[in-house]
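Structural overview for review
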Number of protein chains: 2
Amino acid sequence: MKQQINIGLCGLGTVGSGVVKILENHQEQIKYKLGCEIRITKILVNDILKKRDVAIDPSVLTTNVDDLIYNDEIDVVVEVMGGIDNTYTILEQAILQKKHIITANKDLMAVSGAQLLQLAKENSCDVFFEASVAGGIPILRSLSDGLASDRIQKMMGIVNGTTNFILTKMTEEQLPFASVLKEAQELGFAESDPTADVEGLDAARKMTLLANLAFKMNIRLEDVETQGITMITEDDLKFANQLGYTIKLIGIAAINDGKVEVGVEPTLLPNDHPLALVKNEYNAVYVYGEAVGETMFYGPGAGSLPTASAIVSDLMAAVKNIRLGVSGNSYISPQYTTQLKDNKERYSKYFIRMEVDDETGTFFKVTDIFANQKVSFEKILQLPLPNKELNTAEIVMVTHTVNKQQFLNCIENLSELSVVKKIISYYRVDGEE
Amino acid sequence: MKQQINIGLCGLGTVGSGVVKILENHQEQIKYKLGCEIRITKILVNDILKKRDVAIDPSVLTTNVDDLIYNDEIDVVVEVMGGIDNTYTILEQAILQKKHIITANKDLMAVSGAQLLQLAKENSCDVFFEASVAGGIPILRSLSDGLASDRIQKMMGIVNGTTNFILTKMTEEQLPFASVLKEAQELGFAESDPTADVEGLDAARKMTLLANLAFKMNIRLEDVETQGITMITEDDLKFANQLGYTIKLIGIAAINDGKVEVGVEPTLLPNDHPLALVKNEYNAVYVYGEAVGETMFYGPGAGSLPTASAIVSDLMAAVKNIRLGVSGNSYISPQYTTQLKDNKERYSKYFIRMEVDDETGTFFKVTDIFANQKVSFEKILQLPLPNKELNTAEIVMVTHTVNKQQFLNCIENLSELSVVKKIISYYRVDGEE
């Protein structure tokens, strides 16, 4: 058995520095648990001379990726530099050199995870990527091991800390999106280009990974219907709250009769739903399994040390496999062909706000459209708009459970109705019977 | 590689039936994932003729444990019958016959887990016991694998569903303990002899297992200071709530400078703490890791299928090890010697209620006692008692963080003070800065 495992680290930014720190600070317990030492042999960086907040022997740093890939000493490559195409090539080459891979790269895994995992399997290598979803929360390992015996039927995830931070602030302080985004950027909770976060793409990538693991399929990123939070207003949050709901950016993945839906969209949850209570930059994944019922996994979705802790835990699993001689057995190829639900198979309640003429007969005309689509209501709120001169009122409704097609038909018919001045917003409602 | 793994099941009650159902209903995915079948070869029962809600070939049932232990076909023994001494002997014999063990038996594991795990290791056998703590929540595996790289510093667990159900009902419906206990018994959430649950012993067993896994020690059940919920009154809950707290039966395990405290006691948590929101029979374990920060694992703490799902997931892990030829490598012997904190090293805030003479100078005398122990207050509530003829008032206080010895000194001195008629109750306060 090897007495020392050597790793090559690609990237020494926020997360990479965290990996260095954990390997150093926790080395005693890591060594005890594994029975061997882990040593960082080479670190790939862009700039060797850059000042860093971790002490590194300069001879360990390199700007040449070949020093890692074609280094016979290195057993495991830990990739924390990000990027897709170029990074894929590096990891592919590393696997062909029989190196195991630990990555935090959700973008890459969501797009090319299946190929990379398959290639690794063919080369008896492990690829672990716990850190790519929900930072420090061990959700991937819980799905693949802890809940292995169960059939997962539904997952709802708050898997993007930036948007959860923004929505929490908007809700608690009744502030508009733009000003909270600015605050989040100043606090470092949002990037200077926040598009991938606020448009839901980051969450969609993570839901792709979660859904594939839970449903044993090969769902593609483009199968995930994605909507962000930029259109959510303070009034949406206020009226939702009046009806007992909190708005969260929820990634959903559900399976019924072998057909799946995976999506990311703003969703109303009852105020006492476990996910409604997940605040600020925290993440949580709610998992409903046929046998286990409701579970939830909660924790920090990002950050240097939380993310690095997931990476080093993955690394320890890879090292254990190396020492036992059983690497390359973790990945199970998809068991099922992906079948996506169409809109008629996607059931949900909906919340809708519209501005209507404040005159006799309006309410009848509006509800008639819903009735024609066999959509009934659970909650209705009617209130005059602040500007009375316009002679309009606002109606806020929550439907009973309907299929998405029924609801979209209602939206189309409503928009053709003259008494409906404007459909202000509509969102999915989930998390209650 | 073996194409079929045979198991012997000890016990066919609620959980045992769940194991049979999951192995049957999920067999397609289990076979796909493992690459082999799992077959139940023998089931140990007390009464072969008893009517059951799962269909079992009668030839599989036996009342003779030797049919399992000395059966060369059987690879894994799944123990779901409970009991300690007799069960230990059975599992010991099974291990000596090179059988792997999956157990849901917290009583046994809390008392004799270390010996059993050591014996198994010496015999290259696996012992998995995920189902013994928090039912369907994969918390043991998360501690040992998912958070492997981290140093766990504190855990707080709601690990007993019965007491959480009772406290939730008492809080929400302002009912006394006795009547809610009765309701819980009728609903099947409490046993006819509820002692182990309501006195905190069940939770103490689970905290022993969690603490040993997290802190890599051999903490004994008798090291766990245990207090139940029978003394909690509606007024305790009401006044706690007035100060912004929820009372939960919390198992705590914390380590500082290598010294640990493990206990179970009613504890006040801020109303918005993730654990305060865990209701009814649900369980949750809050884990604070040095690197990962705050995480929480939430789910059903008991029940046939949730518990069985944890058992079958454990079974799948054991089968995987068998097929790869790496059984007996999971258990890591304790790395550290147990060192318990004394009362001066156990820090906390405290909530205290007392009945005092409603006269000039009382408040000074009371606060003087706290001041002498250098204990200051965060919150104080003074209110006249309903029965004004007694001329007494009630004082409710929450201290700043103090060590337990300081606080106990205050209690002793207060009880000697003539103006203090009665110390009504006091509890630990946790979960806030």
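Definitions and cut-offs
- Residues numbered from 1 in each chain as written.
- Chains lettered and ligands numbered in written order.
- Predicted model: local features only at pLDDT ≥ 70, side-chain atom pairs only at ≥ 80, totals over all residues.
- Heavy atoms only, no water.
- Contact = heavy atoms within 4.5 Å.
- Buried area = accessible area lost by both parts, 1.4 Å probe.
- Salt bridge = Lys/Arg side-chain N within 4 Å of Asp/Glu carboxyl O.
- Polar contact = N/O pair within 3.5 Å; in protein donor to acceptor, adjacent residues only side chain to side chain.
- Helix = DSSP H or I, 4+ residues; strand = E, 2+ residues; numbered from the N terminus.
- Nonpolar A, V, L, I, M, F, W, Y, C, P; charged D, E, K, R; others polar.
- Pairing = 2+ DSSP bridges.
- UniProt positions renumbered as here; feature names shortened; annotations may be inferred.
- Buried < 20%, exposed > 50% of the residue type's maximum accessible area, 1.4 Å probe, protein only.

1. Considerations on the interface of chain A and chain B
Where interface size is quoted, it is often the accessible area lost as the parts come together. In this assembly, 49 residues from chain A lie in contact with 49 residues from chain B. Carbon and sulfur atoms make up 57% of the surface buried where chain A meets chain B, a total of about 4700 Å² over both sides. When the area that chain A buries against chain B is broken down by residue, the three leading residues are Gln29, Tyr32 and Ser149 of chain A, summing to 14%. Run the count over chain A and chain B and you get zero salt bridges. Where chain A meets chain B, there are 28 residue pairs in polar contact (both at pLDDT 80 or more). Of all elements in the fold, only helix H1 (14–25), helix H2 (27–34), helix H6 (139–146), strand S12 (293–300) and helix H12 (304–324) of chain A reach the threshold of two or more residues within the side of chain A that touches chain B. Per element, the largest residue contribution to the side of chain A that touches chain B is eight residues, and it comes from H12 of chain A. Looking at the side of chain A that touches chain B, its residues break down into 23 nonpolar, 16 polar and ten charged. The pairing of S12 of chain A with strand S12 (residues 293–300) of chain B spans three bridges and is classified as antiparallel. Its bridge partner being in S12 of chain B, Tyr298 of chain A is matched across the sheet by Met296 of chain B.

2. Regarding the UniProt feature "binding site: NADPH" (unreviewed entry) in chain A
Residue and element names in this part refer to chain A. Feature annotation in UniProt assigns "binding site: NADPH" (unreviewed entry) to the following positions: Lys106. Note on placement: Lys106 falls in helix H5 (residues 106–122). If we skip the residues at most four places from it in the chain, Lys106 touches Ser132, Asp202, Arg205, Lys206 and Leu209.

3. A few points about the UniProt feature "domain: ACT" (unreviewed entry) in chain A
Listed under "domain: ACT" (unreviewed entry) in the UniProt record, and renumbered for this structure, are residues 351–428 of chain A. The straight-line gap between the two end C-alpha atoms of residues 351–428 of chain A is 6 Å; of that span, 29% is helix and 44% is strand.

4. Things to note about the pattern of salt bridges
Residue and element names in this part refer to chain A. In this structure the tally under the stated criterion is 58 salt bridges over all chains. With a shortest N-O distance of 3.9 Å, Arg353 and Asp235 are connected by a salt bridge. Of this pair, Arg353 sits in strand S13 (residues 347–357) while Asp235 sits in helix H11 (residues 234–242), placing them 118 residues apart in sequence. The exposure class assigned to Arg353 is buried, which follows from its relative accessible area of 2%.

5. Let's talk about the environment of Asn321 of chain B
Locating Asn321 of chain B in the fold gives a position in helix H12 (residues 304–324). With near-sequence residues (within four places) excluded, Asn321 of chain B lies in contact with Asp126, Phe128, Val326, Ser327 and Ser330 of chain B.

6. What to know about the pairing of strand S10 (residues 259–270) of chain A
Residue and element names in this part refer to chain A. Burial analysis of S10 places eleven of its twelve residues in the buried class, the great majority of the element. As paired strands, strand S8 (residues 225–226) and S10 are joined by two bridges and run parallel to one another. Considered in S10, the bridge of Thr226 is made with Val264. One ladder, built from twelve bridges, connects strand S9 (residues 245–256) with S10; its direction is antiparallel. Paired with Ile255 across the bridge in S10 is Val260. Where S9 folds back on S10, the antiparallel hairpin that results is connected by two residues, among which Asp257 adopts a positive phi of roughly 50°. Note that S10 and strand S17 (residues 420–429) share two bridges and pair parallel. The residue of S17 that forms the bridge with Leu268 is Val429.

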